[in-house]
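Chain by chain, the residues:
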Amino acid sequence: MSDRDTAFAEYFAARSDAMRGTAYLLCHDWHRAEDLVQAAFAKLYVAWPRIDRHEALDAYTRRTLVRTFVSELRRGWFRRERVSDSTPEAEGVGRGSVEDRLVLLEALAEVPPRQRAVLVLRYWEDLSVEETARALRCSEGTVKSQAARGLQTLRGLITPQQGEVVR
């Protein structure tokens, strides 16, 4: 194995789980998240010899992951279907952190993809407005407006009973 391959394998081993978590927040499907991470790391491997600043790999990989996600949506080949016998009851939600997380993840899945990408990068990945704008190749104003709209959408999706649990 070459030095290039060894370095890439070490980076993949160290960061793939974190990127998988980010991908899950974007698409709300573990299988699709795995596919997104695989596609992003494949693109990273191709670009690996051209990357000069290896200290910025996380940002580059995250940006590649988000762009892959958004690109899939633009192509329109992926359609999400949800089959359910019933809707979840708000009364069944407890006060534990697991329930809070499930409520938020369910609501996040309903947020439009571009807004979801901004919310994940800003609040899950804790990127600044500037970093998020660079990752999504948009203006800082777009990031701010998409974040505001995304948060508004999230608030509208969480019922008052669920909101008490989340607060």
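Sequence order as written defines the numbering, with residues in each chain counted from 1. Local features in this predicted model are restricted to residues whose pLDDT is 70 or higher, and side-chain atom pairs enter the listing and the counts only when it is 80 or higher, whereas totals over whole chains, interfaces and linings include all residues. With hydrogens and water stripped out, all remaining heavy atoms of the structure feed into the side-chain values.

## Some words on the overall build of the chain
Item 1. Counting from the N terminus, the helices are DSSP H or I runs at least four residues long and the strands are E runs at least two residues long. Summing up its helical and strand segments, the chain has 8 helices and 0 strands in all.
Item 2. What you see in the chain, going N to C, is helices and strands ordered as α-α-α-α-α-α-α-α.
Item 3. Within the chain, the proportion of its 167 residues that are buried is 38%.
Item 4. Within the chain, residue pairs in contact and separated by at least 24 positions form 68% of the contacts whose partners lie at least 6 positions apart.
Item 5. Calculation of accessible area relied on Shrake-Rupley with a 1.4 Å probe; when residues are assessed, cover is drawn exclusively from the protein chains displayed. With the model as given, the accessible surface of the chain reaches about 10200 Å², and the carbon-plus-sulfur share is 51%. Accessibility here uses a 1.4 Å probe with only protein chains present; expressed as a share of the type maximum, an area under 20% marks a residue as buried, one over 50% as exposed, and anything in between as partly exposed. Residue contacts are defined here by distance: any two heavy atoms, one from each residue, within 4.5 Å place the two residues in contact.

## With respect to the pattern of salt bridges
Item 1. Here a salt bridge means any side-chain nitrogen of Lys or Arg lying within 4 Å of a carboxyl oxygen belonging to Asp or Glu. Applying the stated criterion across every chain yields a total of 4 salt bridges.
Item 2. One salt bridge connects arginine 20 with aspartate 17, and the closest N-O pair in it is separated by 2.4 Å. With a gap of 3 residues between them, arginine 20 and aspartate 17 both fall in helix 1 (residues 3-27), about one helical turn apart.
Item 3. Here the salt bridges share partners, and the residues they tie into one network are Asp17, Arg20 and Glu34.

## So, the packing of aromatic side chains
Item 1. The rule is short: rings of Phe, Tyr and Trp, with Trp giving its six-membered ring, pair when the centres are within 6.5 Å, and they are stacked under 30 degrees, edge-to-face over 60, tilted in between. This structure, assessed with the given rule, holds 7 aromatic pairs.
Item 2. Aromatic side chains phenylalanine 8 and phenylalanine 41 sit 6.2 Å apart centroid to centroid with 75° between the ring planes, which places their arrangement in the edge-to-face category. Of this pair, phenylalanine 8 sits in helix 1 while phenylalanine 41 sits in helix 2 (residues 30-47), and the two are 33 residues apart along the sequence.
Item 3. With relative accessibility at 12%, the residue phenylalanine 8 sits in the buried group.
Item 4. Residue classification places phenylalanine 41 among the buried positions, given a relative accessible area of 3%.
Item 5. Between tyrosine 11 and tryptophan 48 the ring centres are 6.1 Å apart and the planes differ by 45°, which places this aromatic pair in the tilted class. Of this pair, tyrosine 11 sits in helix 1 while tryptophan 48 sits in the loop between helix 2 and helix 3 (57-75), placing them 37 residues apart in sequence. Each member of the pair, tyrosine 11 together with tryptophan 48, is buried.
Item 6. Arginine 4 extends its terminal NZ or CZ atom over the ring of tyrosine 45, reaching a point 4.4 Å from the ring centre.
Item 7. A ring is considered to have a charge above it if a Lys NZ or an Arg CZ atom is located within 6 Å of its centre and within 35 degrees of its normal. It is arginine 122 that lies over the ring of tyrosine 123; its NZ or CZ is 5.4 Å from the centre.

## Section: the packing of helix 5 (residues 113-124) against helix 7 (residues 140-157)
Item 1. Each axis is a line fitted through C-alpha atoms, and for a helix only the stretch in contact is used; angles between axes span 0 to 180 degrees, taken between their N-to-C directions. Where helix 5 meets helix 7, the closest approach of the two axes is 8 Å, and the angle between their N-to-C directions is 100°. When the axis of helix 5 is compared with that of helix 7, the two are roughly perpendicular. Residues Arg114, Gln115, Val118, Leu119, Arg122 and Tyr123 of helix 5 lie in contact with helix 7, whose contacting residues are Val143, Gln146, Ala147, Arg149, Gly150, Leu151, Thr153 and Leu154.
Item 2. Only Asp, Glu, Lys and Arg are considered charged, only Ala, Val, Leu, Ile, Met, Phe, Trp, Tyr, Cys and Pro nonpolar, and every remaining residue, Gly among them, polar. Classifying every residue of the contact of helix 5 with helix 7 gives 7 nonpolar, 4 polar and 3 charged. Orientation labels follow simple angle bins: below 35 degrees gives roughly parallel, above 145 gives roughly antiparallel, 65 to 115 gives roughly perpendicular, and whatever is left gives oblique.

## Here we look at a negative patch on the surface
Item 1. A contiguous patch of negative charge, built from Asp126, Glu130, Glu131 and Glu140, is present on the exposed surface.
Item 2. Within the secondary structure, glutamate 131 sits in helix 6 (residues 129-136). Patches here are clusters of residues that have more than 30% relative accessible area and form no salt bridge, with a 9 Å joining cutoff for like charges and a 5 Å cutoff for nonpolar side chains (Val, Leu, Ile, Met, Phe, Trp, Tyr). In summary, the charge assignment counts Lys and Arg as positive and Asp and Glu as negative, without counting His or the chain termini. Think of each charge as sitting on NZ of Lys, CZ of Arg, CG of Asp or CD of Glu.

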